[in-house]
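Survey of secondary and tertiary structure
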Amino acid sequence: MDKYSTVLDGQIQSPTRFQVKRVNDRLKPGSSFCAAEDEPPHYEETSFADGNGHRGVYHNASYNGETKNSDGGFHQYDSISNAYYQHTFGHNTLDPVPKIDFYRNPGSVSGATHNRPSLEELHEEFQKVRGTADGPPSGDGVPGDEETGEQVAAKGGFVKFGWVKGVLVRCMLNIWGVMLFIRLSWVFGQAGIGLGIVVIMLSVVVTTLTGISMSAICTNGVVRGGGAYYLISRSLGPEFGGSIGLIFAFANAVAVAMYVVGFAETVVDLLKDNDAIMVDQVNDIRIVGCITVALLLGISVAGMEWEAKAQVLLLIILLVAIANFFVGTVIPSNKDKESRGFFNYHGSIFAENFDLDFRDGENFFSVFAIFFPAATGILAGANISGDLEDPQDALPKGTMLAILLTTIAYLGVAVCVASTVVRDATGSINDTLRSTLNCNGSAACILGYDFSSCKTQPCQYGLMNNFQVMTMVSGFGPLITAGIFSATLSSALASLVSAPKVFQALCKDNIYKALHFFAKGHGKNNEPLRGYILTFIIAVAFILIAELNTIAPIISNFFLASYALINFSCFHASYAKSPGWRPGYKYYNMWVALFGAVLCCAVMFVINWWAALITYTIEIFLYIYVTVKKPEVNWGSSTQAVKYVNALNEALMLSGVDDHIKNFRPQCLVLTGAPKTRPALLDIAHSFTKNYGMCLSCQVFIGPRKAMVKEINRSLEKNQAWLNKNKRKAFYAAVTGDNFRDGVRSLLQASGLGRMKPNTLVIGFKKDWRKATLLDIQHYIGVLHDAFDFDYGVVMLRISQGLDISHFLQVQEEINRLELERQALEAAIKNEELNAGSGGIRGLFKRAQTFKISKPEAKGTFMVMDLWLQRDIHGVFCFIVAPSINTAQTAHMGEFNQRLVEASAQFKKKQGKGTIDVWWLFDDGGLTLLIPHILTSRKKWRDCKIRVFIGGKANRIDEDKAAMVSLLSKFRIEFVDIHIVADINTKPNKESWKSFEEAIEPYRLHENDKDAAAAETVKKESPWKITDSELEMFKEKTYRQVRLNELLQENSRAANLIILSLPIARKGSVSDHLYMAWLDTLTKNLPPTMLIRGNHKSVLTFYS
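Residues numbered from 1 in each chain as written. Predicted model: local features only at pLDDT ≥ 70, side-chain atom pairs only at ≥ 80, totals over all residues. Heavy atoms only, no water.

**Details of a nonpolar patch on the surface**
The condition is simple: Patches here are clusters of residues that have more than 30% relative accessible area and form no salt bridge, with a 9 Å joining cutoff for like charges and a 5 Å cutoff for nonpolar side chains (Val, Leu, Ile, Met, Phe, Trp, Tyr). Per-residue accessibility takes into account occlusion by the displayed protein chains alone, with areas from the Shrake-Rupley method and a 1.4 Å probe. Salt bridges, as used here, are contacts in which a Lys or Arg side-chain nitrogen is within 4 Å of a carboxyl oxygen on Asp or Glu. Put simply, DSSP marks the helices as runs of H or I at least four residues long and the strands as runs of E at least two long, and each gets a number from the N terminus on. Exposure is judged per residue with a 1.4 Å probe applied to protein chains only, and the accessible area is read against the type maximum: over 50% gives exposed, under 20% gives buried, and values in between give partly exposed.
A cluster of nonpolar side chains, contributed by Phe605, Trp609, Trp610, Leu613, Ile614 and Ile618, occupies part of the molecular surface with about 550 Å² of accessible area. Here the element with the most residues in the nonpolar patch is helix α20 (residues 609-629); it accounts for 5 residues. Tracing the chain through its elements places tryptophan 609 in helix α20. Its relative accessible area of 55% is what places tryptophan 609 among the exposed residues.

**Digging into the confidence of the model for the protein**
Regions with low pLDDT carry predicted coordinates that are not meant to be interpreted in detail. This is how the line gets drawn: Within a predicted model, pLDDT stands for the predictor's per-residue confidence, ranging from 0 to 100. It only takes one pair of heavy atoms within 4.5 Å for two residues to be counted as in contact.
For the protein, the average pLDDT comes to 79, and 80% of its residues sit at 70 or higher. A low-confidence stretch, residues 107-111 stays under pLDDT 50, and its non-local contacts, those more than four residues away or across chains, total 13 contacts. Per-residue pLDDT stays below 50 along residues 128-157; that stretch engages in 50 contacts with residues further than four places along the chain or on separate chains.

**Section: the packing of aromatic side chains**
Both the distance between ring centres and the angle between the ring planes are used here to describe each pair of aromatic rings. Stated formally: Each Phe, Tyr or Trp ring, with Trp reduced to its six-membered ring, pairs with another whose centre is within 6.5 Å; inter-plane angles below 30 degrees give stacked pairs, above 60 give edge-to-face pairs, and intermediate values give tilted ones. A ring is scored as having a charge over it whenever the NZ atom of a lysine or the CZ atom of an arginine sits within 6 Å of its centre and within 35 degrees of its normal.
A complete count under the given rule lists 31 aromatic pairs for this structure. Each member of the aromatic cluster is reached from another via a ring pair, and the members are Phe364, Phe365, Phe368 and Phe372. We note arginine 170 situated over the ring of phenylalanine 161; from NZ or CZ to the ring centre the distance is 5.4 Å.

**Remarks on the side chain of serine 751**
Formally: In protein, a polar contact means a hydrogen-donor-capable atom and an acceptor-capable atom, both N or O and within 3.5 Å, with residues adjacent in sequence counting only if both atoms are side-chain atoms; elsewhere, any N or O pair within 3.5 Å suffices.
By the secondary structure assignment, serine 751 is in the loop between α24 (740-750) and β10 (760-764). In this structure the side chain of serine 751 is engaged in a polar contact, spanning 2.6 Å, whose partner is the backbone oxygen of leucine 747.

**Overview of the packing of helix α5 (residues 184-218) against helix α19 (residues 590-607)**
Using the following cut-off: Here an angle of 0 to 180 degrees is reported between the N-to-C directions of two axes, which are lines fitted to C-alpha atoms, with helices fitted over the stretch in contact. An angle below 35 degrees is treated as roughly parallel, one above 145 as roughly antiparallel, one from 65 to 115 as roughly perpendicular, and anything else as oblique. Crossing handedness is read from the near helix: turned anticlockwise from the far helix by less than a right angle, it gives a left-handed crossing, and turned clockwise, a right-handed one. Here the nonpolar group is Ala, Val, Leu, Ile, Met, Phe, Trp, Tyr, Cys and Pro; Asp, Glu, Lys and Arg are the charged ones; every other residue, Gly included, is treated as polar.
Following both chains from N to C, one finds α5 and α19 inclined at 135°, their axes separated by 9 Å at the closest point. As far as their axial angle goes, α19 and α5 are oblique. Once α5 is placed against α19, the crossing between them reads as left-handed. Every residue of α19 that contacts α5 at Leu202, Val205, Val206, Leu209, Thr210 and Ser213 is listed here: Val592, Ala593, Phe595, Gly596, Leu599, Cys600 and Val603. Class assignment of the residues belonging to the contact of α5 with α19 gives a composition of 10 nonpolar, 3 polar and no charged.

**Description of the sheet that holds strand β18 (residues 1089-1093)**
Stated precisely, the cut-off is as follows: At least two DSSP bridges between two strands are required for those strands to pair.
Spatially, the 10 strands line up as an open sheet ordered β9-β8-β7-β10-β11-β18-β17-β14-β15-β16, and their pairing is mixed. The two strands at the open ends of the sheet, each matched to only one other strand, are β9 (731-737) and β16 (977-981). For this sheet, the mean inter-axis angle between neighbouring strands, taken without regard to orientation, is 20°. Alignment of strand β7 (residues 668-671) against β10, held across 3 bridges, turns out to be parallel. Looking across to β10, one finds that leucine 669 is bridged to leucine 761.

**Overview of empty space enclosed by the protein**
Rolled over the atoms, a probe as big as a water molecule pinpoints where empty space is left. Applied cut-off: Grid points spaced at 1 Å and placed over the protein atoms alone form the basis of the search, with a cavity being a set where a 1.4 Å probe fits but cannot get out and a pocket an open set showing protein on both sides within 12 Å along at least five of seven lines. Lining residues have an atom within 4 Å of a point. Grid points are joined across faces, edges and corners, and a volume is the space filled by probe spheres set on the points.
Here the structure, examined in full by the defined rule, presents 6 cavities of 30 Å³ or more. Estimates place the volume of the largest cavity at around 90 Å³. Those elements that provide at least two residues to the lining of the largest cavity are α7 (238-273) and α18 (551-576). Looking at the lining of the largest cavity, the element that brings in the most residues is α7, giving 4 residues. Taken as a whole, the second largest cavity encloses approximately 80 Å³ of empty space. Lining the second largest cavity are Ile175, Ile200, Val204, Thr207, Phe371, Ala375, Ile378, Ile403, Thr406, Thr407 and Tyr410. Elements with a contribution of two residues or more to the lining of the second largest cavity: α5 and α13 (391-420). The dominant element in the lining of the second largest cavity, judged by the number of residues it contributes, is α13, at 4 residues.

**Quick word on the pairing of β16**
To be explicit about the condition: With the strands pointing away from the viewer, any crossover whose connection runs clockwise from the first strand over the helix to the second is right-handed.
Where strand β15 (residues 944-951) and β16 come together, 5 bridges link them in parallel fashion. Bridge pairing in β16 links arginine 947 to aspartate 977. Crossover β15 to β16 through helix α30 (residues 957-971) is right-handed.

**Some words on the pattern of salt bridges**
According to the stated counting rule, one finds 31 salt bridges in the structure shown. Residue arginine 755 pairs with aspartate 659 through a salt bridge whose shortest N-O separation is 3.5 Å. Here arginine 755, found in the loop between α24 and β10, pairs with aspartate 659, found in the loop between α21 (638-655) and β7; they are 96 residues apart in sequence, far enough to count as distant. Under the relative-accessibility criterion, arginine 755 is labelled partly exposed at 30%.

**Some words on helix α34 (residues 1035-1051)**
Put simply, the test is: To estimate the expected span of a helix, count its residues, drop one, and scale the result by 1.5 Å.
An ideal rise of 1.5 Å per residue puts 24 Å on 17 residues; α34 measures up with 24 Å between its terminal C-alpha atoms. All buried positions along α34 are accounted for by Thr1038, Tyr1039, Gln1041, Val1042, Arg1043, Leu1044, Asn1045, Glu1046, Leu1047 and Leu1048. Those residues of α34 that are buried are in contact with β14 (914-919), β16, α31 (990-1000), β17 (1057-1061) and α35 (1072-1083).

**Observations regarding unusual backbone geometry**
Positive phi outside glycine occurs at lysine 630, with the angle close to 50°. Assignment of secondary structure puts lysine 630 in the loop between α20 and α21. Given the relative accessible area of 63%, lysine 630 is considered exposed. In this structure, asparagine 691 is a non-glycine residue whose phi angle is positive, near 65°. Among the structural elements, asparagine 691 can be located in the loop between α22 (679-689) and β8 (695-702).

**Section: the pairing of β18**
In terms of residue burial, β18 counts as a mostly covered element, since 5 of its 5 residues are buried. Here β18 shows no split at all, with Thr1089, Leu1091 and Arg1093 on one side and Met1090 and Ile1092 on the other all buried. Bridge count between strand β11 (residues 793-798) and β18: 5 bridges; the pairing is antiparallel. The residue bridging arginine 798 from the neighbouring strand is threonine 1089, located in β18. As paired strands, β17 and β18 are joined by 4 bridges and run parallel to one another. Each bridged residue has a counterpart across the sheet, and for isoleucine 1059 the counterpart in β18 is methionine 1090.

**A look at the side chain of arginine 798**
Note that arginine 798 resides in strand β11. Take arginine 798: its relative accessible area is 15%, and that puts it in the buried class. Within the structure, the side chain of arginine 798 is placed 2.8 Å from the side chain of aspartate 1080, a separation counted as a polar contact. Setting aside residues no more than four positions away along its own chain, arginine 798 makes contact with Phe765, Leu1079, Asp1080, Thr1083, Lys1084, Pro1087, Pro1088 and Thr1089.

And the structure:
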């Protein structure tokens, strides 16, 4: 052994460990890592083999002064301690080995839950690592039933069942219902042995296919409590799960009443035979039923262990009763039994009963409908999945074996009873034949009895007439009665346990918020006592009706709807081809599962078509309700997987299709920053992209990549959630860049997928351009140049109050924080019971009543305050609050903020009657006209009409107008008026021009007023300034911008929205500040204005 071992730190190490030589490690064994160290521990890789080619191994290791033997098994570092991450493979490293604790749900309490080190902790510089193995779990996981149970189990007393007691026994008891003893003989009398076997096998096919699908689903991960609801909801999502869960729980509750009434009817029949009726038959059924369900409730509430013991006892009674029947078939019959149709096994009876003999309007489907409820009950084990030791192993094994055993029992009992009892018998021992010469050929006639009178008058005995045939055939009749009691009570008990368990799981998921009251569990088993009470009330209500012939088909349909969805869940999960679909049970097929689902739906209509319609109506209603409510759950359902696969396939198919003008739609890249900071910009873009095109709300984080990565990662989920919550059909994207232009350039190049790429940049007007730095102006104008370079259209929005409300949101968040602090402060003060009258806490309490934090005092004004924490002379910490004084400046700022907030929300509201004035001055391909057309098709803008303004010549106004009317008519664009503006190129008035000159004065170079040398020097120092030569070169264009604003003031001052062609600044010719001055002058003192410039490719066509 020595030659296969290696020594580490003086100790022989285990052969199952890697060999890593520690060169310099300042950490002692068992000590925790200190992030403040300047240098990390150093490691040196060594070979995993010794010099002879053998793998280096550790046999023993020293840990905290103790020598541990590994032997290829447990190692001291296999357990998670405070220094776990520092001891992988027995040495110091943050990189851990694979372990189940890293894969638990974040909120799990079923075992030690740890977070593996983040990629940042492993990847960033060592000094910056602050991770710890024992930090709180990240995420919002909620412990499940079995997790809470396992925690309690560690303390002792929690009951968990194996596959026999938990699944097999329950399923067999639920499947072996009262039908086995009371209706099975009648079914075979009507359908005959041949068709009766078909009835049983068809029922078994339905349950077997469902059992296979259930086995596949429940072996695809940990199964919690909730049975069919849990399986369906986690596979198909909360919409299907929530709808079927409520139906299934209700069906189980009503099934309690059905089984109890079956028991009560048998008891009342016994009372009747013994002349012991208490009131009358109906009321006696109610009395016995209510007493019975109360006793069953007591057993259930006593705990699952008592309920399981009762189930085992009932199963023993049931098995004895079945064995008693088989024994009775071979005991020689007597005259009394023969007169009632029982003759032991005879070939003539088998041959006669093999053929069908439907009577009283019965047919195959009606007989099947009566028998099928006897085959249900396969979910009895799944319904208590939270109470099973290993649901993944127990459910497939127990359920499939239960189906097999009960099928054998049903076939055996049915064939035996049909081979020993004739269809009709009079019950009179005098109906014997002295000679068989005049025999009519019936089996009874051959055996010496004449039951021909049954053809003309009703008889009370035989397969067709006597529901107590099995009692007659059995060796000891009272045992059959005990079997009936056992079958009914066990089924009722199973349903009484199943309904609250399923209902509790449904309520815990909070899909129906009004039902969350029933989610609470009690005791060591987390028993749903509230659910038990509700189930008891429902059961008693239906027992009092005492007429379940109408309700029974609906219950069967509710169960079948669950079976159908379980089969469909298996098919859907397989069809989605999700990598997470890895069931341990391999004996399933997606198409067989789909066939099972269709078969279940068909059987629902066979049993009762109107009950099937009621079931589907209720299910669809609940599905729609859950869909509208959108519960905040994410279970990784196959529905999500299919949506992803479909979206991916459609995107790939779309990439193979060339774009066409008729299918053009604005797909916008909107520079909102955080979406909530510029709501008006997002809202206007959303108005013409919703259900038309893609909308990307984009944010650029300016700064070093390392510093911004964390911020980006935090913002992605938060901002997308904000968009979803506010019902904005948009995506959020964020990038980091050294400056604004670099970030936007990245977005322009990389955003989108295939054909689903942005084609229009939406940006807000830079209102503070006069106060902005030179670089900010250059980057802003550079973004516009980049957009045109990348073939984007550009939409620029300006509203007079501005777009950015981030400062207001910050104040609002601070106000909310202070309000919470005030509430916490007052709560703390009220809890203090100090005797001091004016000092300390009581003094603070009196003062706290004199102010109100962050409450608006008037429209748009706010009380601002400071809050300090200070230690008084007694060493006690207390809060010092100093409200500030409202000044005129504060009032003005508040009023401005109020206007800003109202303006930022103006596009959320329905626009009143008015106009959208479109100044289509330059042909850009039609984007300037398409966007207002899309807007007027929206509900919020429907009352707005389009007016079109175009430039023209004074001597061609009529011709230009006619040409535009013809063009718009061909484009099928609705409009109310067209204006030809003939005086665009006239000079603006002196006041307007003077205002423009004053605006650009700080940015002019005035080189003509200086000598050549001085002018050249100034030009080199400030190359960005507007030169006199540039101003002269673009004098006509500048006049046009100023004049256009005058015309806009005259014609469109009352418009709801102005849409205007965006002037283009040629790169390298027009300085940035001159261009900003053009845009500012063009849009100032106007209603909301959108400057639009397409990419000069046609987006409108008049061809079909």
